[in-house]
Amino acid sequence: MLDQLYFVLDILPDLLFGFPGQRPGGLLLTLALAIVANVAGFGVAVLLGLGFYSRHRIVQRAVSLYVFIITGVPLLVLLLLVYQIAGNPRYGFRIGPQGAAVISLVLYSGAYQGAILRTGLASVPVALAESSSVLGSSHWHTFCSVQLRYAIHVMLPAFTGQTISLFKDTSAVIILGVADLMSTARVVLGSDLANQPKWVAVYLTVGAIYSVVALLLSRLARHWERSQRNHSLVHLLARY
Amino acid sequence: MLKVSLPLWWTADAVALLAHGLLLTVLFTLVTTVTSLVVGLIIGSWRLSTNTVLRHIAGIFVEVHRNVPALVLVIFWAFAVPNLFPPDVRKTLFFANPVITRLTAATGLPLIYYVVATIVALTLNTSAYIAEIFRAGVGTIAQEHVDAARTLGASRSGVYWSLLLPQGVRASFPALSARLVHNMKNTSLAALVAVPELFRSTETAMSLSFQAMPFLLLTTGLYLATAVGLSWMLSLVERRLNHRSASTWTTAAATNNA
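Within any chain, residue numbers begin from 1 and follow the written order of that chain's sequence. Note on labels: chains are lettered from A, ligands numbered from 1, in written order. Given that the model is predicted, a residue must reach a pLDDT of at least 70 before its local features are reported, and side-chain atom pairs must reach 80 or more before they are shown or counted; all residues, however, enter totals for whole chains, interfaces and linings. Neither water nor hydrogens contribute to the side-chain values; these are computed over all heavy atoms in the structure.

S.K.: How do you make sense of the overall build of chain B when you look at a structure like this?
M.R.: The number of helices and strands found in chain B is 10 helices and zero strands. Going from the N terminus to the C terminus, chain B shows its helices and strands as α-α-α-α-α-α-α-α-α-α. Relative to the globule expectation of 18 Å for 258 residues, the C-alpha radius of gyration of chain B, 23 Å, shows a markedly less compact shape. Projected onto the principal axes, the alpha-carbon positions of chain B cover approximately 70 × 65 × 30 Å. Relative to its 258 residues, chain B shows a buried fraction of 45%. In the structure as shown, chain B presents an accessible area of about 13,500 Å², 70% of it carried by carbon and sulfur atoms. The centroid of the 17 positive side-chain charges in chain B is displaced by 5 Å from the centroid of its 9 negative side-chain charges. Put simply, DSSP H or I for four residues or longer makes a helix, DSSP E for two residues or longer makes a strand, and each gets a number counted from the N terminus. Just to be clear, the radius of gyration here is over C-alpha atoms, and the globule rule we use is 2.2 Å times residues to the power 0.38. Think of it in three bands: with a 1.4 Å probe and only protein chains considered, a residue is buried below 20% of the maximum accessible area for its type, exposed above 50%, and partly exposed in between. Using a 1.4 Å probe, the Shrake-Rupley method yields the accessible areas, and only the shown protein chains count as cover for residues. Think of it this way: Lys and Arg go in the positive column, Asp and Glu in the negative one, and His and the chain ends go nowhere. A charge is said to be at NZ when it belongs to Lys, at CZ for Arg, at CG for Asp and at CD for Glu.

Below you can see the structure in the form of structure tokens.
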């Protein structure tokens, strides 16, 4: 029992920060992937949100097709597909596994956040957008500071839920051999047959790390949602 | 006569491989859908129970299995748990005993323990989500409704079986089906524990033929088709549920008016 504990303590730095002397990995990389994918994915989602309500039928169709495909396919397939295209000199790209992982996670979270944003945009009262344009705002200004803000505010719980979900989904990058938390554990354990009795302890630790971060994230999100609810002008509007 | 020339990667072996994989993915989906619905509704009901112990057990179950990635659960149950035992015990317990041999003969799958472990892991993960969704669905039922039933003399279990359960499921059905489609996609995680489902067979076909793109695109299409099929089936169930409830409503109303 005690030797298991020592083993876990021994490899804990590797799990958290990656192997010394190599690129950062472990939990640090998992968090970096999740943050980049969420932030850039939100950019994709805004583009998709614009596309959903575009005047051109073909843009609407294309955007819906994109969301349908990305949300209908396992992340593992998407990762491999992106890596095959982006890492293949035949198509003129030379992007490594880490880059391919980032691209696929951005596409993936963009599609999910886009679907959330579409629901949010649909719930914006027409009168709100109309009054903004009557008061002389440009189309763009109305979208950014009225419709988008309102939609984000209404869908805040869904967005934070998706953020936490994406944090857990990043574990799939193991398929490309990216050294995140999950694959670090696998490499440590697989390096020696004598480690076999320690598998359960190590995976319990990995699970605990994931759930502690997920719990912290959801606490933070709840706190943020509450503060938004009390201070936001948009919420005052939403209540009318 | 029209002669269709097939591309080189489209061989009988590859087709058989992918067909087996697809079959296994569909079976995985059906089995885990049913098991996680059953477990999820039980755990969700425990979370609403007046019994403090049950409520806490259910709460811990949900928190543990929802905050850990499905991949960690799959690898934990498939690879880590057998490693708790010394090699000879492990072999007889998980890989070479009469039950396993019979199951292998019946299904034709190698390493049946990994299949079972994946089903267990996916069930735990999805049922934790379903429990929460169901609880939220029950939360939308008006308290007056429950009070009315109790006042009219319905027992606690009567309220549960004919009010909370059906209405809770109905209210949470859209979220439930979204989660079940997600569960279908999660079956691809079985590929990482050597179960030859669709994703794993695609990888095998890719490495055998040195062709990646055609197989990946084909698999994308197959997963999309499975997702569409599953959501169609779930929408049929939903329509059935809503229809049944609507007709009971009208019958009840008619009886009341008569």
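S.K.: I would appreciate a short explanation of the pattern of salt bridges in the present structure.
M.R.: Residue and element names in this part refer to chain B. Counted as salt bridges are all cases of a side-chain nitrogen of Lys or Arg within 4 Å of a carboxyl oxygen of Asp or Glu. By the definition in use, this model includes two salt bridges over all chains. Salt-bridge contacts for Glu132 lead to Arg47; the nearest nitrogen and oxygen are separated by 2.5 Å. With Glu132 in helix α6 (residues 112–139) and Arg47 in helix α1 (residues 12–47), the pair connects residues that are 85 residues apart, well separated along the chain. This pair shows no difference in class: Glu132 is buried, exactly as Arg47 is.

S.K.: Any chance you could explain the interface of chain A and chain B here in plain terms?
M.R.: Think of interface size as the accessible area that goes away when the parts come together; that is how it is often given. Contacts between the two partners involve 35 residues from chain A and, on the opposite side, 34 residues from chain B. As a working definition, buried area equals the accessible area (1.4 Å probe) given up by two parts on being put together, with both sides summed. Both sides of the chain A and chain B interface together cover about 3,100 Å² of buried area, and 74% of this is carbon and sulfur. Remark: the boundary between chain A and chain B carries zero salt bridges. Distance and chemistry together define a polar contact, namely a pair of N or O atoms within 3.5 Å, with one atom able to donate a hydrogen and the other to accept it when in protein, and with adjacent residues in sequence counting only for side-chain atoms on both sides. In this assembly, chain A and chain B are joined by six residue pairs in polar contact (both at pLDDT 80 or more). For the side of chain A that touches chain B, the secondary-structure elements that each account for two or more residues are α3 (57–72), α4 (75–86), α5 (97–122), α8 (156–169), α9 (181–190) and α10 (199–231) of chain A. By residue class, the composition of the side of chain A that touches chain B is 25 nonpolar, seven polar and three charged. We call two residues contacting when some pair of their heavy atoms lies within 4.5 Å. The residue classification treats Ala, Val, Leu, Ile, Met, Phe, Trp, Tyr, Cys and Pro as nonpolar and Asp, Glu, Lys and Arg as charged. All others, Gly included, are polar.

S.K.: What am I meant to see in α4 of chain A here?
M.R.: Count 3.6 residues to each turn of an α-helix, and residues three or four apart come out pointing the same way. Residues and elements named next belong to chain A. A helix is expected to span 1.5 Å for every residue after the first. Under the 1.5 Å per step criterion, the end-to-end length of α4 is 16 Å for 12 residues, consistent within 8% with the ideal 16 Å. Judged by how many residues are buried, α4 sits mostly within the fold: nine of 12 residues are covered. Those residues of α4 not exposed but buried are Leu75, Leu76, Val77, Leu78, Leu79, Leu80, Leu81, Val82 and Ala86.

S.K.: What exactly am I supposed to notice about the packing of α1 of chain B against α6 of chain B here?
M.R.: Residue and element names in this part refer to chain B. Each axis is a line fitted through C-alpha atoms, taken for helices only over the stretch in contact, and angles between the N-to-C directions span 0 to 180 degrees. In the contact formed by α1 and α6, the axes pass within 6 Å of each other and the chain directions differ by 45°. Classified by the angle their axes make, α1 and α6 are oblique. Considering the relative orientation of α1 and α6, their crossing is right-handed. Any angle between 65 and 115 degrees counts as roughly perpendicular, while under 35 counts as roughly parallel, over 145 as roughly antiparallel, and the rest as oblique. Crossing handedness is defined as follows: a turn of the near helix away from the far one that is anticlockwise and smaller than a right angle gives a left-handed crossing, while the clockwise case is right-handed.

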